[in-house]
Amino acid sequence: MLEKLRYYTVTYPKYSFTDKLKAPFNLIARGGGKNPISITTTIKDLLKDKDEILMQDIKMPFFIPTLDITNKKTVYYTSRVIDGEECYLDRPIEEAVKNTSSVPLIFIPNTVYIDGKMHQFLDGGMTNNTPTTHLEQFADIVVGVENVYHKQVNEKKVNIITGIRNTFQGMRRSAVPFQKKDADYWILVDCKDVDIIGTPQEIDFCYEAGYKSAMEIVDKIKKEGL
């Protein structure tokens, strides 16, 4: 029987101290500090040959949580209505991605006008990083995937950077126990050595490793006779 709590460790190329030092400046050059145009351009390029512009155009059940700091609550950009939640189905897909890509301190909140009212959105992962809660409406089996960035050791020195990072990780992790209750399987991806503002090579490597891991586990679940 496949374990409900599944571990997978990402092994990624090591980069020099100089590379790590350059990473924040490279991020700023790509649009950090403001919501980057590159996100909009990338999504538009991906969708230009598809008949999918709005969230409701997506054929499969799909939703993206984002934190509405104007109204101080989590809302959902969705392709289906979620019972009991505020949902936006008729909004552009690129808008949803920009909203939930607005990581605090790296990007400013994404400003959006909906029905004439201004809303500012931040990364939905601040309150709902593994959004399994409502998936039982759309699927028989729910698999949660959690990227684990925290280290299981006490840091000898805590500066303003580690303090802010640990605060964000604490906020994310506080919701995990509730999200696990709604999942049938839970995959932990060990990202403790992955720089959150790493190089494009790191991002590509982690994407490929994570995708491969997920497909392997999905195959194992299928073999159990779903």
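Conventions we followed
Residues numbered from 1 in each chain as written. Predicted model: local features only at pLDDT ≥ 70, side-chain atom pairs only at ≥ 80, totals over all residues. Heavy atoms only, no water. Helix = DSSP H or I, 4+ residues; strand = E, 2+ residues; numbered from the N terminus. Phe/Tyr/Trp six-rings, centres within 6.5 Å; stacked < 30°, edge-to-face > 60°. Buried < 20%, exposed > 50% of the residue type's maximum accessible area, 1.4 Å probe, protein only. Pairing = 2+ DSSP bridges. Lys, Arg positive; Asp, Glu negative; His and termini not counted. Salt bridge = Lys/Arg side-chain N within 4 Å of Asp/Glu carboxyl O. Polar contact = N/O pair within 3.5 Å; in protein donor to acceptor, adjacent residues only side chain to side chain. Core = buried A, V, L, I, M, F, W, Y, C linked by side-chain atoms within 4.5 Å. Contact = heavy atoms within 4.5 Å.

Enquirer: Which residues make up the environment of Val-75, and what values do they have?
Expert: Within the fold, Val-75 resides in strand β3 (residues 73-78). Distance from Val-75 to Ile-64, taken between C-alpha atoms, is 8.5 Å for residues 11 residues apart in sequence.

Enquirer: Report on the packing of aromatic side chains, specifying residues and quantitative values.
Expert: Scanning the model with the defined rule gives 4 aromatic pairs in all. Ring centres 6.0 Å apart and planes at 80° place the aromatic pair Tyr-77 and Phe-121 in the edge-to-face group. Taken together, the residues span a long stretch of sequence, with Tyr-77 in strand β3 and Phe-121 in strand β6 (residues 117-123) at a distance of 44 residues. Residue Tyr-77 is classed as buried on the basis of its relative accessible area, which comes to 0%.

Enquirer: Describe the pairing of strand β8 (residues 185-190), naming the residues involved and giving the relevant values.
Expert: The buried fraction of β8 amounts to 5 of the 6 residues, a majority that puts the element mostly inside the structure. Judged from the 6 bridges that link them, strand β7 (residues 143-148) and β8 form a sheet pairing that is parallel. Residue pairing across strands places Glu-146 opposite Leu-188, the latter belonging to β8.

Enquirer: I'd like a rundown of the side chain of Asp-68, residues and numbers included.
Expert: Locating Asp-68 in the fold gives a position in strand β2 (residues 63-68). No salt bridge is formed by the buried Asp-68; the nearest opposite charge belongs to Lys-73, separated by 6.4 Å. Side-chain polar atoms of Asp-68 contact the backbone nitrogen of Asn-71, separated by 3.2 Å.

Enquirer: Mind laying out the nonpolar core, listing which residues take part and the relevant values?
Expert: Grouped burial of nonpolar side chains is what soluble globular proteins tend to show. Counting residues in hydrophobic clusters, the biggest one holds 15 residues, and the most contacted among them are Met-55, Tyr-77, Tyr-88, Ile-93, Ile-114 and Phe-121. Elements with a contribution of two residues or more to this core: α2 (37-47), β3, α3 (93-100) and β5 (110-114). Among residues more than four places away in sequence, those in contact with Phe-121 are Thr-66, Leu-67, Asp-68, Val-75, Tyr-77, Tyr-88, Asn-99, Ser-102, Pro-109, Asn-110, Val-112 and Ile-114.

Enquirer: Account for unusual backbone geometry, with residues named and values stated.
Expert: Even without being glycine, Lys-72 reaches a positive phi, approximately 55°. Considering the arrangement of structural elements, one finds Lys-72 in the loop between β2 and β3. Even without being a glycine, Asp-115 presents a positive backbone phi close to 55°. Its location among the elements puts Asp-115 in the loop between β5 and β6. Classification of Asp-115 by relative accessible area gives exposed; the value is 75%.

Enquirer: Account for the pattern of salt bridges, with residues named and values stated.
Expert: In the structure shown here, the tally under the stated rule is 3 salt bridges. Put simply, Lys-73 and Glu-86 hold a salt bridge, and the shortest N to O gap is 2.4 Å. A residue pair is termed long-range when its members are at least 10 positions apart, and Lys-73 in strand β3 and Glu-86 in the loop between β3 and β4 (87-88) qualify at 13 residues. Given the relative accessible area of 29%, Glu-86 is considered partly exposed. With a shortest N-O distance of 2.9 Å, Glu-95 and Arg-91 are connected by a salt bridge. Neither Glu-95 nor Arg-91 differs from the other in exposure class; each is buried.

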